[in-house]
Amino acid sequence: MNRTAISGGFILRIKGPDHYVMDGGEEIRCSVRGRFRIGKNPAESMPVVGDDVEYRRGTAENTGVAAGLIVSIGPRKSIFARTGSSEKRRYKVLCANLDLVFLVHSARDPVLNLRLLDRMLVAAESGRMEPVICVNKMDLDASGEETDSAMEVYRKMSYGVVLCSARDGRGIDELASLMKGRRSIMSGPSGAGKTSLLGMIEPGLDARIGAVSERTGKGRHTTTHFELHPLRCGGFLGDTPGIREFGIWEQSKQTLGACFRDFDPWRSQCRFASCTHSHEPGCAVKEAVGERLVSKERYESYLKILQDLPDLPE
Ligand SMILES: Nc1nc2c(ncn2[C@@H]2O[C@H](COP(=O)(O)OP(=O)(O)OP(=O)(O)O)[C@@H](O)[C@H]2O)c(=O)[nH]1
Ligand SMILES: [Mg+2]
Ligand SMILES: [Zn+2]
């Protein structure tokens, strides 16, 4: 490889040793050597999709195509991670620096699971990502009233909510306009319709993703591979495999409350600064739940997630 100047870009996809870097409108195939120090966690030592990188540009000797060597990775503004099912504390960063994460659920088939949505909102907040709640398959919800009223509590917390259908096309324009010029991904339970929505937003993209997805026993394609796809409207969009278990990483019993936006007006008024809003006397959050200023269901989600979290180390 002929060594030349350093250039910058971000990683679109990783295939084995090849890291495809988007630099302006050009894709450069880069390699990496060794490990990097990226986040504060030692688990974050390898580049992931979405990382801003600097690379030394050259030309691969045998093929003549533009190639490069990644020499540094920029700080991660946000991360999207997954936890292993066996070891809940361990996590793997799937991608970095996303502007938005679309939390795709379905009104029916599978049924709308608000407790799972709450877990995913915590994950988004924890990774410093801006979530947009997306309820798909609205064509299966005759009046739409039930879904609409279930979303009221989330709208009040200033989360973006889009009711959509990959079948009849409602909400698609709204999703497309949110994605314009931004880097985003879709995440949510398997079968909620993430890949189908992608196909509506950018015709043909679902087929490209389908080609690398796995065929399940049920005879349908399940997304297994992850990368950011350039959109014709500008912007980059990633599709993720459906979620079976959604772990929460890097949170403790003492920090979880900060991931619940609806607790914000009350958290600072608790008697103890280290309040976990569960058993403590003088808890302003619990009082707010009692006065119906905070939704009982949201508080139940909170307690459920809290159970599995460790205490903050002294
Ligand atoms: N009625 C209805 N069906 C839909 C809609 N969107 C998707 N589907 C169907 O739901 C099934 C699952 O859709 P996918 O797009 O594969 O779901 P996914 O979220 O990508 O699933 P995973 O890749 O397994 O995570 C398919 O049979 C789709 O045809 C919709 O808006 N309405
Ligand atoms: Mg899919
Ligand atoms: Zn409290």
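Thresholds, definitions, all that
Residues numbered from 1 in each chain as written. Chains lettered and ligands numbered in written order. Predicted model: local features only at pLDDT ≥ 70, side-chain atom pairs only at ≥ 80, totals over all residues. Heavy atoms only, no water. Donors = N, O, S within 2.8 Å, 3.2 Å for Na, K, Ca; no water. Buried < 20%, exposed > 50% of the residue type's maximum accessible area, 1.4 Å probe, protein only. Pairing = 2+ DSSP bridges. Helix = DSSP H or I, 4+ residues; strand = E, 2+ residues; numbered from the N terminus. Axes fitted to C-alpha atoms, helices over the stretch in contact; angles between N-to-C directions. Expected span 1.5 Å × (residues − 1). Arc of directions from axis to C-beta. Contact = heavy atoms within 4.5 Å. Polar contact = N/O pair within 3.5 Å; in protein donor to acceptor, adjacent residues only side chain to side chain. Core = buried A, V, L, I, M, F, W, Y, C linked by side-chain atoms within 4.5 Å. Domains from an automatic or database assignment. Near = heavy atom within 4 Å. Areas by Shrake-Rupley, 256 points an atom, 1.4 Å probe, with all protein chains shown as cover. Nonpolar A, V, L, I, M, F, W, Y, C, P; charged D, E, K, R; others polar. Phe/Tyr/Trp six-rings, centres within 6.5 Å; stacked < 30°, edge-to-face > 60°.

Visitor: Explain the coordination of the zinc ion (ligand 3) to me, please; I cannot follow it from the model alone.
Guide: For a metal with four tetrahedral donors the ideal donor-metal-donor angle is 109.5 degrees, while six octahedral donors give ideal angles of 90 or 180 degrees. The coordination sphere of the zinc ion (ligand 3) contains the protein donors Cys270 (SG), Cys275 (SG), His277 (ND1) and Cys283 (SG), at a distance range of 2.1 to 2.4 Å. If you list the donors of the zinc ion (ligand 3) from N- to C-terminus, the spacing comes out as C-x4-C-x1-H-x5-C. Relative accessible area serves as the criterion here: at 5%, His277 is assigned to the buried category.

Visitor: Looking at this model, I keep getting lost on the sheet that holds strand S10 (residues 160-163). Mind explaining?
Guide: Backbone-to-backbone hydrogen bonds join strands into a sheet, with any given pair of strands oriented parallel or antiparallel. Judged by pairing direction, the sheet is mixed, and its 6 strands sit side by side in the order S10-S9-S8-S11-S15-S14 without closing on themselves. Strands with a single pairing partner mark the edges of an open sheet, and in this sheet they are S10 and strand S14 (228-230). Between one strand axis and the next, the sheet turns through 25 degrees on average, direction left out of account. The pairing of strand S9 (residues 130-136) with S10 spans 4 bridges and is parallel. Note on S10: the bridge partner recorded for Val132 is Gly160.

Visitor: Help me understand helix H9 (residues 296-307) in this model?
Guide: Each full turn of the α-helix corresponds to 3.6 residues, which orients residues three or four apart in the same direction. With 12 residues, H9 should reach 16 Å at 1.5 Å per residue; the first-to-last C-alpha distance of 17 Å fits that figure. Looking only at H9, the buried set comprises Arg298, Tyr299, Ser301, Tyr302, Ile305 and Leu306. Buried residues of H9 fall within an arc of 155 degrees about the axis and therefore sit on the same side. Opposite the buried face of H9, at more than 90 degrees from it, the exposed residues are Lys296, Lys304 and Gln307. Buried residues in H9 make contact with helix H1 (114-126), helix H3 (152-156) and helix H8 (284-290). Of the residues that open H9, the one with a side-chain oxygen 3.3 Å from the backbone nitrogen of Glu297 is Ser295.

Visitor: I would appreciate a short explanation of the nonpolar core in the present structure.
Guide: Within the largest apolar cluster, 30 residues are counted, with the highest numbers of intra-cluster contacts made by Phe80, Ile133, Met151, Tyr154, Ile185 and Leu228. Only strand S1 (6-15), strand S7 (91-96), strand S8 (100-106), H1 and S9 provide two or more residues apiece to this core. Looking at this core element by element, the count peaks at 5 residues for H1. Two domains each put at least three residues into this core: domain 1 (6-73) and domain 2 (79-239). Setting aside residues no more than four positions away along its own chain, Met151 makes contact with Leu112, Leu114, Leu117, Ile133, Val135, Val161 and Leu163.

Visitor: Can you walk me through the side chain of Asn97 in this structure?
Guide: Tracing the chain through its elements places Asn97 in the loop between S7 and S8. We classify Asn97 as buried; its relative accessible area is 3%. Once residues lying within four places of it in the same chain are set aside, the contact partners of Asn97 are Gly50, Asp51, Asp52, Pro75, Arg76, Lys77, Ser78 and Arg183.

Visitor: Hey, could you run me through H1 in this one?
Guide: Over its 13 residues, H1 runs 18 Å from end to end, which matches the ideal 18 Å to within 8%, given 1.5 Å per residue. The buried count for H1 comes to 11 of 13 residues, which makes it a mostly enclosed element. Those residues of H1 that sit buried are Leu116, Leu117, Asp118, Arg119, Met120, Leu121, Val122, Ala123, Ala124, Glu125 and Ser126. Structurally, H1 contributes buried residues whose contacts are with S8, S9, H3, strand S11 (183-187) and H9. Two to three positions downstream of the cap, the backbone nitrogen of Arg115 sits 3.1 Å from a side-chain oxygen, assigning the N-cap of H1 to Asn113.

Visitor: Explanation requested: the site of ligand 1 in the structure shown.
Guide: In the vicinity of ligand 1 lie 21 residues, with Asp139, Ala166, Ser190, Lys194 and Ser196 positioned nearest. At 3.1 Å from a nitrogen atom of ligand 1 is found a side-chain nitrogen or oxygen belonging to Asn136. Separating an oxygen atom of ligand 1 from a side-chain N or O atom of Lys137 is a distance of 3.0 Å. Here ligand 1 has 660 Å² of accessible area as a free molecule, and 83% of this is covered by the chains. At the level of secondary structure, the elements contributing two or more residues to the shell around ligand 1 comprise helix H5 (194-201) and strand S13 (221-222). Examining the composition of the shell around ligand 1, we find that 3 residues originate from one element, H5, more than from any other. Taken together, the residues of the shell around ligand 1 sort by class into 5 nonpolar, 11 polar and 5 charged.

Visitor: Help me understand the packing of aromatic side chains, please; the structure alone is not making it clear to me.
Guide: We describe a pair of aromatic rings using the distance from one ring centre to the other and the angle between the two ring planes. This structure, assessed with the given rule, holds 6 aromatic pairs. Geometrically, the ring pair formed by Phe10 and Phe236 is edge-to-face, given 5.0 Å between the ring centres and 85 degrees between the ring planes. Of the two residues, Phe10 is situated in strand S1 and Phe236 in strand S15 (residues 236-239); the sequence distance between them amounts to 226 residues. By relative accessible area, which is 8% here, Phe10 ends up buried. With centroids separated by 5.3 Å and ring planes inclined at 90 degrees, the aromatic side chains of Phe260 and Tyr302 adopt a geometry described as edge-to-face.

Visitor: How should the environment of Lys286 be read in this particular structure?
Guide: Along the polypeptide, Lys286 turns up in helix H8. Taking the relative accessible area as the measure of exposure, Lys286 reaches 30% and is therefore partly exposed. Through-space distance from the C-alpha of Lys286 to that of Lys296 is 9.7 Å; in sequence the pair is 10 residues apart. Not counting the four nearest positions on each side in its chain, Lys286 is found in contact with His277, Ser278, His279, Glu280 and Tyr299.

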